[in-house]
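Okay, here's what each chain looks like letter by letter:
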Amino acid sequence: MSAPARAGIFIYAKDPDRLSAFYESVLGMTAAHRTGQMVVLRSPDLQLIVHAMPPQVASRVAITSPPQVRDNAAIKFFCTVPSRSGAQESAQALGGQVLPEQWKGPGFVVRNAFDPEGNIFQIREAAA
């Protein structure tokens, strides 16, 4: 067993199983641990904990299809993927989306994306 992660991200989800399957596919993560309330995902770079919302909170959250993007959050994470097109294909198949606008940074290209519950994040791919 590997050592506990030194850093990571929590995402509260109405449907943790659906959201964890999304991030496993889009970001290439693997499930390291599951309970009835959460799924711990990991990659070499990141630990992502998808945790069930408390029932009183979940009852007030409506998930639409397509999801309403929650872009007014104070924090947004990014993850490097081997292929933006592969991430886009996976995201669309699983109820999310990778948005078309992209920006170039030093050595990478980035695009915004959102998951099936509308949480926004970014994908990065190394620039050619």
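What counts and how
- Per chain, residues are indexed from 1 in the order of the written sequence.
- This being a predicted model, a pLDDT of at least 70 is required before a residue's local features are given, and a value of 80 or more before pairs of side-chain atoms are given or counted; all residues contribute to the totals for chains, interfaces and linings.
- To obtain the side-chain values, all non-hydrogen atoms of the structure were used and water was disregarded.
- Under the scheme used here, helices are H or I runs from DSSP no shorter than 4 residues and strands are E runs no shorter than 2 residues, and both carry numbers assigned from the N terminus.
- Among the buried residues, those of types Ala, Val, Leu, Ile, Met, Phe, Trp, Tyr and Cys that are joined through side-chain atoms within 4.5 Å form a nonpolar core.
- A simple rule labels every residue: compare its accessible area, found with a 1.4 Å probe on the protein chains alone, to the largest value its type can have, and call it buried under 20%, exposed over 50%, or partly exposed in between.
- Two residues qualify as a contact provided that any one of their heavy atoms is within 4.5 Å of a heavy atom in the partner residue.
- Two strands pair under a simple rule: DSSP has to find at least two bridges between them.
- Angles here are taken between N-to-C directions and fall from 0 to 180 degrees, while the axes themselves are lines fitted to C-alpha atoms, restricted in helices to the stretch in contact.
- Between rings of Phe, Tyr and Trp, where Trp is taken as its six-membered ring, a pair exists when centres lie within 6.5 Å; planes separated by under 30 degrees are stacked, by over 60 edge-to-face, and by other angles tilted.
- Here the expected length of a helix is defined as 1.5 Å per residue gap, with one fewer gap than residues.

Topic: unusual backbone geometry
Line of reasoning, step 1. S65 connects to P66 through a cis peptide bond whose omega is 0 degrees.
Line of reasoning, step 2. Checked against the element boundaries, P66 lands in the loop between α2 (55-58) and β5 (78-80).

As for the nonpolar core
Soluble globular proteins tend to pack their nonpolar side chains together in the buried interior.
Line of reasoning, step 1. One finds Y23, V26, L27, L41, L48, F121 and I123 to be the most contacted residues of the largest nonpolar core, which totals 22 residues.
Line of reasoning, step 2. For this core, the elements supplying multiple residues, two or more each, are β1 (9-13), α1 (16-27), β3 (38-42), β4 (47-52), α3 (84-93) and β8 (120-126).
Line of reasoning, step 3. At 5 residues, α1 tops the list of elements feeding residues into this core.
Line of reasoning, step 4. Here Y23 is in contact with I11, G28, M29, L41, L48, F77, D115, N119 and F121, once residues within four sequence places are set aside.

A few points about the side chain of E125
Line of reasoning, step 1. Relative to the helices and strands, E125 resides in strand β8.
Line of reasoning, step 2. In contact with E125, not counting residues within four places along its chain, are V81, P82, S83, R84, G107, F108 and V109.

Side note on the sheet that holds β4
Line of reasoning, step 1. Pairing is mixed in the open sheet, where 4 strands are placed in the order β1-β4-β3-β2. In this open sheet, the two strands that pair with only one neighbour each are β1 and β2 (30-34). Pairwise comparison of adjacent strand axes, ignoring direction, gives a mean angle of 25 degrees for this sheet.
Line of reasoning, step 2. Judged from the 4 bridges that link them, β2 and β3 form a sheet pairing that is antiparallel.

Examining the packing of aromatic side chains
Line of reasoning, step 1. Following the criterion strictly, the structure yields 6 aromatic pairs and no others.
Line of reasoning, step 2. Considering the side-chain rings of F10 and Y12, the 5.9 Å spacing of their centres and the 25 degrees angle between planes classify their relative orientation as stacked.
Line of reasoning, step 3. By relative accessible area, which is 46% here, F10 ends up partly exposed.
Line of reasoning, step 4. With a relative accessible area of 46%, Y12 lands in the partly exposed category.

Some points on α1
Line of reasoning, step 1. Here α1 spans 16 Å end to end across 12 residues, near enough to the 16 Å set by a 1.5 Å rise per residue.
Line of reasoning, step 2. Count one or two residues on from α1 and you reach G28, which has phi positive near 70 degrees.

Describing the sheet that holds strand β6 (residues 97-105)
Line of reasoning, step 1. The mixed open sheet is built from 4 strands, whose spatial order is β5-β8-β7-β6. Bordering the open sheet on either side are β5 and β6, each of which pairs with just one other strand. With strand direction ignored, the average angle separating the axes of adjacent strands in the sheet is 25 degrees.
Line of reasoning, step 2. Sheet topology note: the strand β7 (residues 108-114)/β8 ladder contains 7 bridges and is antiparallel. By the bridge assignment for β8, V109 is matched with E125.
Line of reasoning, step 3. Along the sheet, α1 makes contact with β5, β7 and β8, crossing β8 at roughly 20 degrees.
Line of reasoning, step 4. Most of the contacts of α3 go to β6, to which it runs at about 160 degrees, and overall it touches β6, β7 and β8.

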